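Chain and residue survey
The residues making up each chain are set out below.
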Amino acid sequence: MSNISIHEINPAGEEKSAFIALVGKPNVGKSSLLNRLIGEKVAIVTNKPQTTRTRITGVLTKGETQLVFLDTPGIHKPKTALSQHMLKEITDSVADVDLAVLVVEPTGALTKAEMELVEDFRRQRLPAVAVLNKIDLLQNKEEMIPKMQLLSEAYPFEAIVPISALNGDGVEELMKLFLDAAQPGPHFFPDDTLTDQPERVICAEIIREKVLLNMQEEVPHGIAVTIEEMKERENQELVDIRAVIYCERQSHKGMVIGKGGQMLKTIASQARQDMEAFLGIKVNLQCWVKVKEDWRNQERFIRNFGFN
Ligand SMILES: Nc1nc2c(ncn2[C@@H]2O[C@H](COP(=O)(O)OP(=O)(O)OP(=O)(O)O)[C@@H](O)[C@H]2O)c(=O)[nH]1
Ligand SMILES: [Mg+2]
C-alpha cells in the first residue's frame, strides 16, 4: 500500500484561509448571521441585547478555502467588570483579522458606538464590509438607501450588502465576498470543524438562551451557567448533564425556579431538546439554581465563567 502524504492530496500553497470578525451593536443579528453562514447553531440568539458574552468561533471549510468567523458581543458602554471583558473581546477580535464585518440595522443613523468601531477600522486600515441586516422587516427596499449612503460616507467599505440572516436573502452574495477575501495560507482547524467551542460551553449557552427567552426584565442578564458534569452512561445511548444556573440575588433564584418549579422545568425541558439535537444523543439534564451575589463585578467568577 502506498503512503499518500497530505501534500500530494493538497499541494502546499493551494490552501486558503481568512479570519473574519462580525461586529456591531447589540441585537443587530451577528450571531444569527454566524449560524446562517456555517449552517449550524453554534451561537445563541435571543431578542434581548447583550446575548453574546464571549468571542465565538465558527468555522466553514469550502474546498481549499477555510473561513474562520468570530462572533463578538454587541458593542455597548461597559458598566460592569463583565461588560469590560465583553468590550475587550471585541477590540481583540478586530485586532488581527483579515476582514471586519460591521452588521447594522437597515435604517436609522449610525450610533456613537458604531462610529467608534469605524474609527478602529480606520486606525488599522482594516478591510471591512458593511452588512445591513433584517431587510425582511422593510416594507420597501428603498428605505435602506439612506443607510447605505451614510455607510459609504463613513468608511471605504469593500462592499455594502443588504441581507436577512433570518431568511437567508443576500447571504450567498456575502459568502462569495468572503471566499474572495481568503488569502493563500494554511487551514487553522480540521476541515470538518464547526466551532472551537467545547460541547460543555455550548450546552451551558443553550441553557442561558432558554433563561433569556423565558424570563423578563433584570434577571436574565445576571445569569451565568456552568456545566458541572457531562458523562455518557456505559452501554446506554444517554448522557447525564448536571448544570448550575447562577443568579445574582436570592429573589432572582426564586424567579428562575418559578411557582412550583414551573419556570425551571420549562427552561430545562427546552434546553434538553436543543442539547439532544446538538449532541445527537439522549440527554438527562439536571439543573440547579444557586446565588452568587454580584458575580458580574467579581473577576474571579468572571474568569470561572469562561472569560480569560
Ligand atoms: N426580522 C429579522 N430578525 C432578525 C434577523 N437577524 C436576527 N434577527 C433577530 O434579532 C434578534 C437578535 O439577534 P442576535 O443574532 O442574537 O443578535 P446579536 O447581534 O448577536 O446580539 P448580541 O449578541 O446581543 O450582540 C433575534 O431576535 C433574532 O431573531 C433578520 O434578518 N430579520
Ligand atoms: Mg450575539
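Residues numbered from 1 in each chain as written. Chains lettered and ligands numbered in written order. Predicted model: local features only at pLDDT ≥ 70, side-chain atom pairs only at ≥ 80, totals over all residues. Heavy atoms only, no water.

Moving on, we get to the domain arrangement of the protein chain. Split by domain assignment, the protein chain resolves into domain 1 (6-184) and domain 2 (199-304). Taking only C-alpha atoms into account, the centre of domain 1 sits 28 Å from that of domain 2. Taking both sides of the interface into account, the surface hidden between domain 1 and domain 2 amounts to around 1,500 Å²; carbon and sulfur atoms contribute 55%. The three residues of domain 1 that bury the most area against domain 2 are Ile44, Lys48 and Arg53, which together make up 39% of that side's buried surface. At the junction of domain 1 with domain 2, the criterion picks out one salt bridge. Across the pair lysine 41 and glutamate 209 runs a salt bridge whose closest N-O atoms are separated by 2.7 Å. If you look at where domain 1 meets domain 2, you find eight residue pairs in polar contact (both at pLDDT 80 or more). The residue makeup of the side of domain 1 that touches domain 2, split by class, is six nonpolar, seven polar and three charged. (Domains from an automatic or database assignment. Buried area = accessible area lost by both parts, 1.4 Å probe. Salt bridge = Lys/Arg side-chain N within 4 Å of Asp/Glu carboxyl O. Polar contact = N/O pair within 3.5 Å; in protein donor to acceptor, adjacent residues only side chain to side chain. Nonpolar A, V, L, I, M, F, W, Y, C, P; charged D, E, K, R; others polar.)

What follows deals with the coordination of the magnesium ion (ligand 2). For the magnesium ion (ligand 2), every protein donor is listed as Ser31 (OG) and Thr52 (OG1), and the spread of their distances is 2.0 to 2.1 Å. Residue serine 31 is found in helix H2 (residues 30-38), and its partner threonine 52 is found in the loop between H2 and strand S2 (56-62); the two are separated by 21 residues along the sequence. You can call threonine 52 buried: its relative accessible area is 6%. (Donors = N, O, S within 2.8 Å, 3.2 Å for Na, K, Ca; no water. Helix = DSSP H or I, 4+ residues; strand = E, 2+ residues; numbered from the N terminus. Buried < 20%, exposed > 50% of the residue type's maximum accessible area, 1.4 Å probe, protein only.)

Our next topic: the packing of H2 against helix H6 (residues 171-181). Each pair of packed helices can be summarised by the angle the axes make with each other and by the distance between the axes. Contact geometry of H2 with H6 gives a least axis separation of 11 Å together with a crossing angle of 80°. By the angle between their axes, H2 is roughly perpendicular relative to H6. Within the contact between the two elements, H2 uses Leu33, Arg36 and Leu37 and H6 uses Val171, Leu174, Met175 and Phe178. Considering only residue class, the contact of H2 with H6 consists of six nonpolar, no polar and one charged. (Axes fitted to C-alpha atoms, helices over the stretch in contact; angles between N-to-C directions. Parallel < 35°, antiparallel > 145°, perpendicular 65-115°, else oblique. Contact = heavy atoms within 4.5 Å.)

Moving on to the site of ligand 1. Looking at ligand 1, there are 23 residues lining it, with Lys30, Ser32, Gln50, Thr52 and Asp136 nearest. At 2.9 Å, a backbone N or O of asparagine 27 approaches an oxygen atom of ligand 1. At 2.6 Å, a side-chain N or O of serine 32 approaches an oxygen atom of ligand 1. Isolated, ligand 1 exposes 660 Å² of accessible area, and the fraction of that covered by the protein chains is 89%. Class assignment of the residues belonging to the shell around ligand 1 gives a composition of seven nonpolar, 12 polar and four charged. (Near = heavy atom within 4 Å. Areas by Shrake-Rupley, 256 points an atom, 1.4 Å probe, with all protein chains shown as cover.)

Right, let's talk about the packing of aromatic side chains for a bit. Under the defined criterion, the tally for this structure stands at four aromatic pairs. Aromatic side chains phenylalanine 19 and phenylalanine 188 sit 5.0 Å apart centroid to centroid with 75° between the ring planes, which places their arrangement in the edge-to-face category. Of this pair, phenylalanine 19 sits in strand S1 (residues 16-24) while phenylalanine 188 sits in the loop between strand S7 (183-184) and helix H7 (199-214), placing them 169 residues apart in sequence. For phenylalanine 19, a relative accessible area of 22% corresponds to the partly exposed category. Phenylalanine 188 gets classed as partly exposed once you look at its relative accessible area, which sits at 48%. (Phe/Tyr/Trp six-rings, centres within 6.5 Å; stacked < 30°, edge-to-face > 60°.)

Throughout the structure, instances matching the rule amount to 11 salt bridges. With its nearest N and O atoms 3.0 Å apart, the salt bridge here joins glutamate 209 to lysine 210. Grouping residues by exposure puts glutamate 209 and lysine 210 together as buried. A network of salt bridges, in which partner residues are shared, links Lys41, Glu209, Lys210 and Asp274.

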